[in-house]
Amino acid sequence: MTQRDSNHSGPTPEELRAQVEHTRDEVGRTIDALAAKADVQARVQDQAAAMKEQAAAVKDQVADKATVAKDEVADKAAVVKDQVTDKAAVVKDQVTDKAAVVKDQVADKATQVGGQIHDKTDQAARLFMDKTPAPVLDTAAGAAARVRDTASRVGRFAADQTPQPLSDRAGQFATTARNNRAPLIAAGLVLAAYLLIRNGGRSK
């Protein structure tokens, strides 16, 4: 064993420097690893914050679009409602106008037909009176008077025995008959003359 070996009780300065360098390298690598790890965590946190901001932005966009869509639907519904209301009013006016026109046409037609019937009845009555001998007319007039008297008595009896609603209707009918007395008298004369002629033919 040499003098150096016998007096050696610890590492030499060269060994110490080597150990220090080795330790420094390990510490540097550890620090670099920790820094890299911290950087990864920071990036993860940054990405999470960015994703959170993006999610909030998307949420706001969806809410805005939903509001816009809701407003558009409400506006379109209001427009359609107004259109339907206007169309219904137009159709109602058209139906009312058509009904009024038809009513006037029916009234005019009824008046025209009534006038024609009245004219025909007057013509028939005048023709009958012109063609019928005076004795027959006198006899027919008397028969018509008797028929009217009998009808009057029957009417009074029926009025006494008839409920009020039916009596009112009968009064309306009587008023109509009085307003059209000439045609009714002419019809009565025709009926009486027919009965006289028929009875006279049978008596022969």
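Residues numbered from 1 in each chain as written. Predicted model: local features only at pLDDT ≥ 70, side-chain atom pairs only at ≥ 80, totals over all residues. Heavy atoms only, no water.

### Some words on the overall build of the protein
Piece 1. What the protein contains, in helices and strands, is five helices and zero strands.
Piece 2. Helices and strands appear in the protein in the N-to-C order α-α-α-α-α.
Piece 3. By the burial criterion, 7% of the 204 residues in the protein qualify as buried. (Helix = DSSP H or I, 4+ residues; strand = E, 2+ residues; numbered from the N terminus. Buried < 20%, exposed > 50% of the residue type's maximum accessible area, 1.4 Å probe, protein only.)

### Some remarks on the confidence of the model for the protein
Piece 1. In this model, the protein carries an average pLDDT of 76, and 67% of its residues clear a pLDDT of 70 or more.
Piece 2. Between the elements of the protein, mean pLDDT differs from a low of 49, seen in helix H1 (residues 3–7), to a high of 86, seen in helix H2 (residues 13–131). (pLDDT = per-residue confidence, 0-100.)

### Some remarks on the pattern of salt bridges
Piece 1. With the rule as written, the count across this model stands at three salt bridges.
Piece 2. Here Glu14 ties to Arg17 by a salt bridge, and the two come within 3.6 Å at their closest N and O atoms. Taken together, the positions of Glu14 and Arg17, both in helix H2 and three residues apart, correspond to about one turn of that helix.
Piece 3. Between Asp39 and Arg43 there is a salt bridge, and its shortest N-O distance comes to 1.9 Å. (Salt bridge = Lys/Arg side-chain N within 4 Å of Asp/Glu carboxyl O.)

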